[in-house]
Amino acid sequence: MDVESAIGSESEEARLIAACRQGDPDAFADLIRLHERRVFRLAGRFFRQPDQIEEVAQETFLTVWTKLHTYRAEAPFEHWLTRVCLNCCYARLRKERPADELAAERLAAPTSDPDARLEVEGLLRTLAPEDRFVLLLLYGEGWSVNEIAERLGWSRPKVKVRAHRARKKLRRLLEGAPA
Amino acid sequence: MRCDELRDQLMVVDRGELPAAAAAHLEECEECAEFRRRLELAAESLRRHRTDHLPDAYFAQRVSAVAAGETDQLGWAAVRLLPVALALTLVLSAWAWLATPSPSALVEQSPTDDLLTWVLEENGS
Ligand SMILES: [Zn+2]
């Protein structure tokens, strides 16, 4: 994308946001179309079932619709949207019964994997959702503690504590597992 | 370097960035080497943990319709509450009107005479 069209799409986005604030549902649909792939991709990091991904994406955009008045245009809209999406994923992960997720993932797990890999994947599924969430951001997205704090809108100490706890649990899990 | 120390390091250090002492320990300690292998499998599994599911062509339209519906519902809730608010206002106005004494009643209840007696008595004594 060249500079001119980048600026053009930014001002288009600003126009859509302004229209959404006036309650224009067509502008909202266009704003969703601009960002839906990013939101699906991010939700796909935490959920395996297409309907879970779709539900959390819908929740993200509905939160955007109702909270758009709190968005300050100082930071890119994309960053704010990422924050809303991550917090929706986190809230949903915490609500979900681990057994449901487990059953769903067992179905989704590829069968051609070597035993060791499957075993480790099985272990990861026994982690608490909060720990899995943080580990997926650390290892999956490759984000640092600072990046996680900034993108989630959480304080650095909070992320540090969560990351430390999650790593400790992962370590215990890996140490306790039979060789 | 102790096993415990090494594992602490392994948990926070990215692949390929191990200090020499840690690398030496891994050469000698089979258990830590196995731990590292498992940790790398876990990290790989976390990296691969992703479902590529893309929105269909009508996703935006559907969500936008839900959002518009919610706004309408809010609007309708306000409209439905309007008669209640109106009735409440009428009841309160009626009560305020009934509770306010008429000017003639105020004159009848006037404490002026008593007050005058009291002032005169007080001054007289
Ligand atoms: Zn060791």
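What counts, and at which threshold
- Note on numbering: residues in each chain are counted from 1, in written sequence order.
- The order in which chains are written sets their letters, starting at A; the order in which ligands are written sets their numbers, starting at 1.
- With the structure being a predicted model, the display of local features is reserved for residues of pLDDT at least 70 and the display and counting of side-chain atom pairs for 80 or more, all residues being used for whole-chain, interface and lining totals.
- Excluding hydrogens and water, the side-chain values take into account all heavy atoms of the structure.
- Put simply, DSSP H or I for four residues or longer makes a helix, DSSP E for two residues or longer makes a strand, and each gets a number counted from the N terminus.
- Each residue gets one of three labels from its accessible area relative to the maximum for its type: buried under 20%, exposed over 50%, partly exposed in between, using a 1.4 Å probe on protein chains only.
- Contacts are residue-level and defined by heavy atoms, with any inter-residue pair within 4.5 Å sufficient.
- Each metal site is built from N, O and S donor atoms within 2.8 Å (3.2 Å for Na, K and Ca), and since water is not included, such sites may look incomplete.
- In short, tetrahedral needs four donors with all angles between 85 and 135 degrees, square planar needs four and octahedral six donors with opposite donors over 155 degrees apart and all other angles between 65 and 115, and whatever is left is irregular.
- An automatic or database domain assignment supplies the residue ranges for each domain.
- Accessible area that two parts lose when put together, evaluated with a 1.4 Å probe and summed over both, is termed the buried area.
- For this analysis, a salt bridge means a side-chain nitrogen from Lys or Arg found within 4 Å of a carboxyl oxygen belonging to Asp or Glu.
- Just so you know the grouping, Ala, Val, Leu, Ile, Met, Phe, Trp, Tyr, Cys and Pro go in nonpolar, Asp, Glu, Lys and Arg go in charged, and all remaining residues, Gly too, go in polar.
- The rule is short: rings of Phe, Tyr and Trp, with Trp giving its six-membered ring, pair when the centres are within 6.5 Å, and they are stacked under 30 degrees, edge-to-face over 60, tilted in between.
- Every axis in this analysis is a line fitted to C-alpha atoms, fitted for helices over the stretch in contact. Angles between the N-to-C directions lie between 0 and 180 degrees.
- In what follows, roughly perpendicular refers to angles from 65 to 115 degrees, roughly parallel to angles under 35, roughly antiparallel to angles over 145, and oblique to any angle outside these ranges.
- With the far helix as reference, a near helix turned anticlockwise by less than a right angle produces a left-handed crossing, and one turned clockwise produces a right-handed crossing.

1. Concerning the overall build of chain A
Right, so step 1: If you tally the helices and strands in chain A, you get nine helices and zero strands.
Right, so step 2: The order of helices and strands in chain A, counted from the N terminus, is α-α-α-α-α-α-α-α-α.
Right, so step 3: Taking all 179 residues of chain A together, the buried fraction comes to 47%.
Right, so step 4: Summarising the internal contacts of chain A: among those between residues at least 6 apart in sequence, 63% fall at separations of at least 24.

2. Section: the coordination of the zinc ion
Residues and elements named next belong to chain B.
Right, so step 1: Within the protein, Cys3 (SG), His25 (NE2), Cys29 (SG) and Cys32 (SG) serve as the donor atoms for the zinc ion, at 2.1 to 2.4 Å.
Right, so step 2: Taken together, the four donor atoms coordinating the zinc ion and their angles of 103 to 114° define a geometry best described as tetrahedral.
Right, so step 3: Within one chain, the residues serving as donors to the zinc ion are arranged as C-x21-H-x3-C-x2-C.
Right, so step 4: Cys29 sits in the buried class, given a relative accessible area of 15%.

3. Some points on the environment of B:Ser45
Right, so step 1: For B:Ser45, the position within the fold is in helix α3 (residues 30-48).
Right, so step 2: A sequence separation of 27 residues divides B:Ser45 from B:Leu18, and the C-alpha atoms of the two residues are 21 Å apart.
Right, so step 3: Setting aside chain neighbours within four positions, we find B:Ser45 in contact with A:Glu121 and A:Leu124.

4. Thoughts on the domain arrangement of chain A
Residues and elements named next belong to chain A.
Right, so step 1: Domain parsing of chain A yields domain 1 (1-95) and domain 2 (109-179).
Right, so step 2: Listed by partner, the interface residues are 11 residues for domain 1 and 14 residues for domain 2.
Right, so step 3: A buried area of about 1,300 Å², summed over both sides, lies between domain 1 and domain 2, and 58% of it is on carbon and sulfur atoms.
Right, so step 4: At the junction of domain 1 with domain 2, the criterion picks out three salt bridges.
Right, so step 5: Between Arg41 and Glu141 there is a salt bridge, and its shortest N-O distance comes to 3.5 Å.
Right, so step 6: Here the element with the most residues in the side of domain 1 that touches domain 2 is helix α4 (residues 77-95); it accounts for eight residues.
Right, so step 7: When the residues that make up the side of domain 1 that touches domain 2 are grouped by side-chain class, the tally is five nonpolar, two polar and four charged.

5. Describing the side chain of A:His35
Right, so step 1: Relative to the helices and strands, A:His35 resides in helix α2 (residues 25-43).
Right, so step 2: Sequence-distant contacts of A:His35, that is, excluding residues within four places in its chain, are made with A:Glu13, A:Phe61, A:Phe77 and A:Leu81.

6. Some details on the environment of A:Ala149
Right, so step 1: Counting through the fold element by element, A:Ala149 comes out in helix α8 (residues 145-152).
Right, so step 2: Among all residues touching A:Ala149, those that are not within four sequence positions of it are A:Trp154, A:Ser155, A:Arg156 and A:Val159.

7. What to know about the packing of aromatic side chains
Residue and element names in this part refer to chain A.
Right, so step 1: Applying the stated criterion across every chain, the model contains 10 aromatic pairs over all chains.
Right, so step 2: Seen in terms of ring centroids, Phe133 and Trp154 are 6.3 Å apart; in terms of plane orientation they differ by 45°. Their pairing is tilted. Pair noted here: Phe133 is in helix α7 (residues 129-140) and Trp154 is in the loop between α8 and α9 (156-176), with a separation of 21 residues, a long-range link.
Right, so step 3: You can call Trp154 buried: its relative accessible area is 11%.

8. Examining the packing of α8(A) against α9(A)
Relative orientation and spacing of two packed helices are given, respectively, by the angle between their axes and the distance between those axes.
All names here are of chain A.
Right, so step 1: Interaxial distance between α8 and α9 falls to 9 Å at its minimum, and their mutual angle equals 125°. Relative to α9, the element α8 is oriented oblique. Like other packed secondary-structure pairs, α8 and α9 cross with a definite hand, here right-handed. From α8, Val145, Asn146, Ile148 and Ala149 reach across to α9, where they touch Arg156, Val159, Lys160 and Ala163.
Right, so step 2: Among the residues forming the contact of α8 with α9, the class breakdown is five nonpolar, one polar and two charged.

9. A closer look at the pattern of salt bridges
Right, so step 1: Going through the model one piece at a time under the given rule, you end up with 23 salt bridges over all chains.
Right, so step 2: A salt bridge links A:Arg38 to A:Glu78; the nearest nitrogen and oxygen atoms lie 3.2 Å apart. With A:Arg38 in helix α2 and A:Glu78 in helix α4, the pair connects residues that are 40 residues apart, well separated along the chain.
Right, so step 3: For A:Arg38, a relative accessible area of 33% puts it in the partly exposed group.
Right, so step 4: Measuring nitrogen to oxygen at the nearest pair gives 4.0 Å for the salt bridge that ties A:Glu147 to A:Arg151. Separated by four residues within a single helix, A:Glu147 and A:Arg151 lie in helix α8, roughly one turn from each other.
Right, so step 5: Taking the relative accessible area as the measure of exposure, A:Arg151 reaches 29% and is therefore partly exposed.
Right, so step 6: Through salt bridges that share partners, A:Arg171, A:Glu175, B:Arg2, B:Asp4, B:Glu5, B:Arg7 and B:Asp8 make up one connected network.

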